[in-house]
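# Structural features, examined
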Amino acid sequence: MQTRELGRSGLQISPLMLGGNVFGWTIDEATSFAVLDAFVANGGNAIDTADAYSVWVPGHVGGESETIIGKWLRRRGRRDDVIIATKVGWEVNADNKGLKKDYILRAVEGSLQRLQTDYIDLYQSHKDDPTTPVEETLEAYAQLVKEGKVRVIGASNFTAARLQESLAASTKHGFPRYETLQNLYNLYDRADFEQNLATLLLQENIGAIPYYGLAAGFLTGKYRDQVDLQKSARGTGVGQKYLNDKGLTLLTALDAVADRQQATLAQVALAWLMQAPAVTAPIASATSVGQVTELLEATELRLTAEDLETLETTQAVPAVK
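Quick look at the structure, then. (Residues numbered from 1 in each chain as written. Predicted model: local features only at pLDDT ≥ 70, side-chain atom pairs only at ≥ 80, totals over all residues. Heavy atoms only, no water.)

Leave glycine aside and you will find that most residues have negative phi; peptide bonds, for their part, are mostly trans. Cis geometry marks the peptide bond from Tyr53 to Ser54, where omega comes out at 5 degrees. By secondary structure assignment, the location of Ser54 is in the loop between strand E4 (46–48) and helix H2 (64–76). Not every positive phi belongs to a glycine, and Asn157 is a case in point at roughly 60 degrees. Position of Asn157 relative to the elements: it lies in the loop between strand E7 (150–156) and helix H5 (160–173). (Helix = DSSP H or I, 4+ residues; strand = E, 2+ residues; numbered from the N terminus.)

Next comes the structure, spelled out in structure tokens:
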């Protein structure tokens, strides 16, 4: 599988990142191991998680996903074969959140322990912390890079203005710079990314690794009416946001392209992201080995100009060229 560089980092990743948010949430440890095995066996090498996954589940405290990945890394001996990306800053609890230096330096130790590794390939600010100067956050990352605990840093859920402010601070003070941006972007959710972020990312050579590449499963086509929303734990949220005229029109377009390409809707939706100018690799999660195989096949799919027109004319926002 051909790889792509993360920003200017030198790190080479597969064109699809495996989302670890489902590990310990909608799939158990054994199934998570099977998914991870299949992902690597089929050419994938980039795995995304966070210290806050899956704190939203009753009885969970955060770190469940990292713990499962860490066990897999240790038992399979695959640490050198994969790029591990995790995040810090989301509220795990009242005392563990934000991007202050002392918290980052403390939180990274927990992630390293759970992941059973002595370094993190890509350490990301999970969301902006407007109460903390960007210089303080970047100073913490500079220390971690110097200590060898982090190789590269990235941002997530940042506005263009805050990303620019951070890049300027990195240049001024000689801090590591954010090489990636992990924000919401998919065929349905396009406006913010394309209007406010894509040009900046291209100018600065920052790699986008968007989350919700399949819009929480909606773009797979499995949610088409109210009955379908009962199919998974995500159904209620999917229905509230995506099951509307815009979403159904998009599914019709996806159906047409999938039929032409002899592909699944999920493969088409991910291939569209992989061909987007600013995107390095979309993130998608899988809950079975079959899903992993299906999603990775999207890396071999090349959409035609006709396909792109079919998909993009369903949107009010034009695609970035």
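Bringing the pattern of salt bridges into the picture now. Under the defined criterion, the tally for this structure stands at 19 salt bridges. Lys87 is the salt-bridge partner of Asp48, the closest N and O atoms lying 2.7 Å from each other. With Asp48 in strand E4 and Lys87 in strand E5 (residues 83–88), the pair connects residues that are 39 residues apart, well separated along the chain. An identical accessibility class is assigned to Asp48 and Lys87; each is buried. The salt bridge involving Asp307 is made with Arg260; its shortest N-O contact spans 3.0 Å. Residue Asp307 is located in helix H11 (residues 305–312), and its partner Arg260 is located in helix H8 (residues 245–261); the two are separated by 47 residues in the primary sequence. Overall, the relative accessible area of 2% leaves Asp307 in the buried class. In this structure Arg260 comes out as partly exposed when scored by relative accessible area, which is 37%. (Salt bridge = Lys/Arg side-chain N within 4 Å of Asp/Glu carboxyl O. Buried < 20%, exposed > 50% of the residue type's maximum accessible area, 1.4 Å probe, protein only.)

Bringing helix H1 (residues 29–41) into the picture now. For H1, with 13 residues, the first-to-last C-alpha span of 18 Å sits near the 18 Å given by 1.5 Å per residue. Within H1 the residues assigned to the buried category are Ser32, Phe33, Val35, Leu36, Ala38, Phe39 and Val40. Residues of H1 that are buried sit in contact with strand E3 (17–19), E4, H2 and helix H10 (289–296). Looking one or two places after H1, you find Gly43, whose phi comes out positive at around 105 degrees. (Expected span 1.5 Å × (residues − 1). Contact = heavy atoms within 4.5 Å.)

Among the six residues that make up strand E6 (residues 120–125), six are buried, leaving the element largely enclosed by the rest of the structure. Sheet topology places E5 next to E6; four bridges connect them, and they run parallel. Bridge pairing in E6 places Ala85 opposite Leu122. Between E5 and its parallel partner E6, the chain crosses via helix H3 (residues 101–115), and the hand of that crossover is right-handed. In the sheet, E6 pairs with E7 via five bridges, with the strands oriented parallel. By the bridge assignment, Leu122 is partnered in E7 with Val152. With helix H4 (residues 134–147) bridging E6 and the parallel E7, this β-α-β connection has right-handed handedness. (Pairing = 2+ DSSP bridges. Right-handed = clockwise from strand over helix to strand, strands pointing away.)

A word on H4. The end-to-end C-alpha distance of H4 is 20 Å, a good match for the 20 Å that 14 residues give at a rise of 1.5 Å each. Listing the buried residues of H4 in full gives Val134, Thr137, Leu138, Ala140, Tyr141 and Leu144. Projected onto a plane normal to the axis of H4, the buried residues spread over an arc of 150 degrees and lie on a single side. Elements that come into contact with the buried residues of H4 comprise E5, H3, E6, E7, H5 and strand E8 (178–182). Where H4 ends, the next residue or the one after it, Gly148, has phi of about 80 degrees, a positive value. (Arc of directions from axis to C-beta.)

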